[in-house]
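The residues making up each chain are set out below.
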Amino acid sequence: MRALEPVDTQVLTWTQPKVMQRHFELRAGDDLVGSLTWSGWFTNRAVGHTISREWYFDRHGLWKPRITIEDAGSGVEIAHMTYKWMVQGDIVFGDERRYNWRSSNFWQTRWEMTDPNGLTVYELKLTNQWWRFAAEVHLLPEARTTRELDVLLLTGWYLAYLMKQSSAAAAS
């Protein structure tokens, strides 16, 4: 795994190496820059890794869902999120900075993360890869100055995957 440098590439990819595992890799070309892994099929808790840090992601509540993001080393909550109808919500860091996550199309196959000034940091486009959950991530110029880019990329993927799981459960 190597460090993510926003100037290295403007397009990253999320891939699912094995169909039957809830393990995903974030890649810049062939280089692994992050991962997100669930410990089992019946849990919302996931572990996100980059070369520099590790976080725990978890969803709490059914009617008023809340996502928490904890530093894995200290167990301290660094951010949380409440969302509406799985299509948008604010990620709030400890210093009250807010990043907005929202669907940018009706089919919820395109998502975007915006910074506290409303500028888009990245766009995520879900792709179809034969039973595998995957996406392209397009970093925009704002990504270069976003110090939380790594955890925001992991958070977006966590949310997109939860939304996909919820949609599949509702359809069955």
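The rules behind the values
Residues numbered from 1 in each chain as written. Predicted model: local features only at pLDDT ≥ 70, side-chain atom pairs only at ≥ 80, totals over all residues. Heavy atoms only, no water. Helix = DSSP H or I, 4+ residues; strand = E, 2+ residues; numbered from the N terminus. Buried < 20%, exposed > 50% of the residue type's maximum accessible area, 1.4 Å probe, protein only. Areas by Shrake-Rupley, 256 points an atom, 1.4 Å probe, with all protein chains shown as cover. Lys, Arg positive; Asp, Glu negative; His and termini not counted. Charge placed at Lys NZ, Arg CZ, Asp CG, Glu CD. pLDDT = per-residue confidence, 0-100. Contact = heavy atoms within 4.5 Å. Core = buried A, V, L, I, M, F, W, Y, C linked by side-chain atoms within 4.5 Å. Pairing = 2+ DSSP bridges. Axes fitted to C-alpha atoms, helices over the stretch in contact; angles between N-to-C directions. Patch = residues over 30% accessible without salt bridge, like charges linked within 9 Å, V, L, I, M, F, W, Y side chains within 5 Å. Salt bridge = Lys/Arg side-chain N within 4 Å of Asp/Glu carboxyl O.

Engineer: Any chance you could explain the overall build of the protein chain here in plain terms?
Structural biologist: Along the protein chain, the regular secondary structure elements total one helix and twelve strands. In sequence order, the protein chain lays out its α and β elements as β-β-β-β-β-β-β-β-β-β-β-β-α. Considered along the principal axes of its C-alpha atoms, the protein chain spans approximately 40 × 35 × 35 Å. Residue burial in the protein chain is summarised as follows: out of 172 residues, 43% are buried. A total of about 9,400 Å² of accessible surface is found on the protein chain, and carbon and sulfur atoms cover 54% of it. Averaging the coordinates of the 19 positive side-chain charges in the protein chain and doing the same for the 20 negative ones gives two points 7 Å apart.

Engineer: Would you mind showing me how to read the confidence of the model for the protein chain here?
Structural biologist: Fine structural detail should not be taken from predicted coordinates in areas where pLDDT scores are low. In this model, the protein chain carries a mean pLDDT of 88, and residues with pLDDT of at least 70 account for 92%. Across the protein chain, the secondary-structure element scoring lowest on mean pLDDT is helix α1 (residues 149–171), at 80, and the one scoring highest is strand β4 (residues 46–49), at 97. Segment residues 168–172 is flagged for pLDDT under 50; beyond a separation of four residues in sequence, or across chains, it makes zero contacts in the model.

Engineer: Even after reading the chapter, I still don't get the nonpolar core, so can you show me in this structure?
Structural biologist: Soluble globular proteins: nonpolar side chains tend toward being buried together. Judged by nonpolar contacts, the single largest core of 45 residues is most densely connected at Trp 14, Tyr 122 and Leu 124. In terms of residue count, α1 provides more of this core than any other element does, twelve residues in total. Apart from the residues lying within four places of it in its own chain, the contact partners of Trp 14 are Phe 24, Glu 25, Leu 26, Ser 35, Leu 36, Leu 124, Ala 134, Ala 135, Val 137, Leu 153, Leu 154 and Trp 157.

Engineer: Where do I start with the environment of Trp 131 in this structure?
Structural biologist: Examined against the element boundaries, Trp 131 turns out to sit in the loop between β11 (120–129) and β12 (132–139). Distance in space between the C-alpha atoms of Trp 131 and Val 19 is 6.6 Å, their sequence separation being 112 residues.

Engineer: What is the right way to look at the sheet that holds β12 in this model?
Structural biologist: Backbone-to-backbone hydrogen bonds join strands into a sheet, with any given pair of strands oriented parallel or antiparallel. Strand order around the closed barrel formed by twelve strands is β1-β2-β3-β4-β5-β6-β7-β8-β9-β10-β11-β12, with antiparallel pairing between neighbours. Sheet twist, expressed as the mean angle between neighbouring strand axes with direction ignored, is 20 degrees. The pairing of strand β1 (residues 11–15) with strand β2 (residues 23–28) spans three bridges and is classified as antiparallel. Paired with Trp 14 across the bridge in β2 is Leu 26.

Engineer: Sorry, what's going on with the pairing of β4 here?
Structural biologist: The side chains of a regular strand alternate between the sheet's two faces. Residues Ala 46 and Gly 48 point to one face of β4 and are all buried, whereas Val 47 and His 49, pointing to the other face, are not buried. Across four bridges, the pairing between β4 and strand β5 (residues 54–60) is antiparallel. Paired with Val 47 across the two strands is Tyr 56, which belongs to β5. Counted along the chain from β4 to the antiparallel partner β5, the turn is four residues long.

Engineer: Got a minute to help me understand a nonpolar patch on the surface in this structure?
Structural biologist: Among the surface-exposed residues, Val 19, Met 20, Trp 41, Phe 42, Trp 130 and Trp 131 lie close enough to one another that they form a single nonpolar patch of about 950 Å² accessible area. When you line up the elements, Trp 130 lands in the loop between β11 and β12.

Engineer: Would you explain the pattern of salt bridges in this entry?
Structural biologist: Opposite charge on two side chains lets them pair, provided their charged atoms get close. Evaluated as defined, the whole model comprises twelve salt bridges. For Asp 31, the salt bridge goes to Arg 2, with nearest N and O atoms at 2.8 Å. Linking Asp 31 in strand β3 (residues 31–38) with Arg 2 in the segment before β1, this pair joins segments that are 29 residues apart in sequence. For Asp 31, a relative accessible area of 36% translates into the label partly exposed. Arg 98 is the salt-bridge partner of Asp 90, the closest N and O atoms lying 3.7 Å from each other. Look at Asp 90 and you get partly exposed, because its relative accessible area is 28%. One continuous salt-bridge network, built from bridges that share partners, spans Asp 95, Arg 97, Arg 147 and Glu 148.

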